[in-house]
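Descriptive analysis of the structure
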Amino acid sequence: MSDFIPVNEPLLIGNEKKYLEECIDTGWISSEGPFVKKFEIEFAKAVNRKYGISVCNGSVALDVAVTALGIGPSDEVILPTFTIISCASAIVRAGAIPVLIDVEKNTWNINVEQIEAKITKRTKAIMVVHIYGLPVDMNPVLQLAEKYDLFIIEDAAEVIGQTYYNKPCGSFGDISIFSFYPNKHVTTGEGGMVVTDNEELSEKCRSLRNLCFQPQQRFLHEELGWNFRLSNIQAAIGVAQLEQLDKSIIRKREIGMRYLNNLNKLSTVQLPQLKTDFAENIFWVFGIVSIDEKYPDSVSIIDILKTKNIGTRPFFWPMHEQPVFHKMGLFQNESHPNAENIARNGFYIPSGLAITDDQIDFVSEILLELFD
Ligand SMILES: *Cc1c(COP(=O)(O)O)cnc(C)c1O
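All values reported here derive from a predicted model rather than from experimental measurement.

Conventions adopted
- Residues numbered from 1 in each chain as written.
- Predicted model: local features only at pLDDT ≥ 70, side-chain atom pairs only at ≥ 80, totals over all residues.
- Heavy atoms only, no water.
- Helix = DSSP H or I, 4+ residues; strand = E, 2+ residues; numbered from the N terminus.
- Expected span 1.5 Å × (residues − 1).
- Buried < 20%, exposed > 50% of the residue type's maximum accessible area, 1.4 Å probe, protein only.
- Core = buried A, V, L, I, M, F, W, Y, C linked by side-chain atoms within 4.5 Å.
- Domains from an automatic or database assignment.
- Contact = heavy atoms within 4.5 Å.
- Pairing = 2+ DSSP bridges.
- Buried area = accessible area lost by both parts, 1.4 Å probe.
- Salt bridge = Lys/Arg side-chain N within 4 Å of Asp/Glu carboxyl O.
- Nonpolar A, V, L, I, M, F, W, Y, C, P; charged D, E, K, R; others polar.
- Axes fitted to C-alpha atoms, helices over the stretch in contact; angles between N-to-C directions.
- Near = heavy atom within 4 Å.
- Polar contact = N/O pair within 3.5 Å; in protein donor to acceptor, adjacent residues only side chain to side chain.
- Areas by Shrake-Rupley, 256 points an atom, 1.4 Å probe, with all protein chains shown as cover.
- Parallel < 35°, antiparallel > 145°, perpendicular 65-115°, else oblique.
- Left-handed = near helix turned anticlockwise from the far one by under 90°.

So, on to helix α7 (residues 232-243). If you check α7, its first and last C-alpha atoms are 17 Å apart, about what 12 residues at 1.5 Å a residue would give, namely 16 Å. If you check which residues of α7 are buried, you get Asn-232, Gln-234, Ala-235, Ala-236, Ile-237, Gly-238, Val-239, Ala-240, Gln-241 and Leu-242.

This is how it looks when you write it as structure tokens:
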């Protein structure tokens, strides 16, 4: 029996240790240390942005983004139902109303054709989320934002290093956000970043993540902020990780291609789409949607794979089916069939940067047996 293959294992083989030693040797461990600024500048540059504001995770980056844009009570924000809860919770916590859209069958991204019908006088922003490695079709979304004077909040957590028509994901929103959780293409353990080209917005974000301390009279507050700062220790790892990004992207695509080649003979599963008109899949995760009648849902498959020492995760569960939101009176009779289907039958398999080709082939063989 092989060792357990985790769904994700990060790769920390560059200058991570060296930069961490610098933190210890110099005593700079807080957010005031030099790696924080360096990471912000270099990360912003990597995604073609003027300003980067590091925060302690990607979820709070969304809170900062929504708040910095002044979104609040009675405002509506359009977003996909198929995403992580952080997207909807940032909107709800700001007192605003999330308005959900179903996803496309093939890319699992928001169906941009359904957005316009949901725009009302109260709509303030569209929150786009690039899902699992393929970008959202941004041009129609940008056109809608222009036409109706809406903000775009871009959640690019899953697509660090991905492009849309050769422009970096994360360069499209009025504000865009990233996460540096260990399964993301750049990790700091926990961490996140808000990026923008708008100086005023960048200053708001900086202030919000730092308790809205004021430069002149530090402990006098005009607004309420949070302590969402990233530490020098985390940023040190981030700087080292960023140096490896190009290599990491090449490897992520190799992993995805290897799985695709191994598994494409299967007729009872839907595999990730290799490319669209505007991008080639970066395979943040390698998702599989079962259409096999042997398995009532992905839970049964996940359980079997666990007995074979293979780690998996189920797909996101749609926002319109979240008990916490139903209790708030949100989304009660909504249906978004594509999201419901992939949530029930979708799972993703080990595809972190530390995975070996042998492990990919082993996982593939097991899947070939299960779905044959
Ligand atoms: C990972 C992720 C986040 C937030 O990540 P944290 O775990 O809070 O750093 C936000 N949005 C999406 C789409 C993500 O995948």
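Now that the structure is up, let's keep going.
Let us now look at the nonpolar core. Soluble, globular proteins show a tendency: their nonpolar side chains are buried together. Among the nonpolar cores identified, the biggest contains 51 residues, and Phe-82, Met-127, Tyr-132, Ile-153 and Ile-175 are the most heavily contacted of them. For this core, the secondary-structure elements that each account for two or more residues are β1 (51-55), α3 (58-68), β2 (76-80), α4 (85-93), β4 (123-129), β8 (175-179), α6 (199-209) and α11 (337-345). Among the elements that take part in this core, α3 stands out by supplying 7 residues, more than any other. Summarising the domain contributions, this core has at least three residues from each of domain 1 (16-243) and domain 2 (245-371). Every residue in contact with Phe-82, bar those within four places of it in the chain, is listed here: Val-103, Trp-108, Ile-131, Tyr-132, Phe-315, Phe-316, Ala-339 and Ile-342.

For the rest of this paragraph, the subject is the sheet that holds strand β10 (residues 269-270). Across the sheet, which stays open at both edges, the 4 strands sit in the order β10-β11-β13-β12 with antiparallel pairing between neighbours. Looking at which strands have only one partner, the edges of the open sheet turn out to be β10 and β12 (313-314). Strand direction decides the pairing type here: β10 and strand β11 (residues 286-290), joined by 2 bridges, are antiparallel. Its bridge partner being in β11, Val-269 is matched across the sheet by Ser-290.

Attention shifts here to the domain arrangement of the protein chain. Entries for the protein chain in the domain assignment read domain 1 (16-243) and domain 2 (245-371). One C-alpha centre belongs to domain 1, the other to domain 2; they are set 24 Å apart. Taken together, the contact pairs 40 residues of domain 1 with 42 residues of domain 2. In total, domain 1 and domain 2 occlude about 3,400 Å² of area from one another, counting both sides; carbon and sulfur atoms represent 68% of this. The largest contributions to the domain 1 side of the interface with domain 2 come from Trp-108, Tyr-132 and His-185, which together make up 23% of the buried area. At the boundary of domain 1 and domain 2, one finds 0 salt bridges. When contributions to the side of domain 1 that touches domain 2 are tallied by element, the ones reaching two or more residues are α4, β3 (97-101), β6 (163-164) and α7. With 4 residues, α4 is the single largest residue contributor to the side of domain 1 that touches domain 2. In the side of domain 1 that touches domain 2, the residues fall into 20 nonpolar, 12 polar and 8 charged.

Strand order in the open sheet made by the 7 strands is β1-β9-β8-β5-β4-β2-β3, with mixed pairing throughout. Whereas interior strands pair on both sides, the edge strands pair on one side only; in this sheet they are β1 and β3. Across this sheet, the average inter-strand angle for adjacent strands is 20°, counted without regard to direction. As defined by bridge partners, β1 adjoins strand β9 (residues 192-196) across 5 bridges and the pair is classed as antiparallel. Its bridge partner being in β9, Tyr-51 is matched across the sheet by Thr-196. Set on the sheet, α4 makes contact with β2, β3, β4 and β5 (151-155); between it and β2 the angle comes to about 175°. In the packing of α6 onto the sheet, contacts are made with β1, β8 and β9, and the angle to β1 comes to roughly 15°.

Right, let's get into the site of the ligand. All residues adjacent to the ligand are Asn-57, Gly-58, Ser-59, Ile-84, Val-129, Asp-155, Ala-157, Glu-158, Ser-179, Lys-184 and Gly-191. With respect to the ligand, the backbone of Gly-58 contributes an N or O atom lying 2.7 Å from an oxygen atom. When the ligand sits alone it has 380 Å² of accessible area, and the protein chains cover 91% of it. Partitioning the shell around the ligand into residue classes produces 3 nonpolar, 5 polar and 3 charged.

Here helix α8 (residues 245-263) crosses helix α12 (residues 357-371) at 30°, and the two axes come no closer than 10 Å. Classified by the angle their axes make, α8 and α12 are roughly parallel. When the axes of α8 and α12 are compared, the crossing they make is right-handed. On α12, the residues touching Arg-251, Ile-255, Arg-258, Tyr-259, Asn-262 and Leu-263 of α8 are Asp-357, Ile-360, Asp-361, Val-363, Ser-364, Leu-367 and Leu-368. Residues belonging to the contact of α8 with α12 are distributed by class as follows: 7 nonpolar, 2 polar and 4 charged.

Next up on the list: unusual backbone geometry. A positive phi is found at Tyr-165, a non-glycine position, where the angle reads about 45°. The residue Tyr-165 is located in the loop between β6 and β7 (167-168) in this model. Phi angles above zero are rare outside glycine, and Phe-331 is one such case at about 60°. Structurally, Phe-331 is set in the loop between α10 (323-327) and α11.

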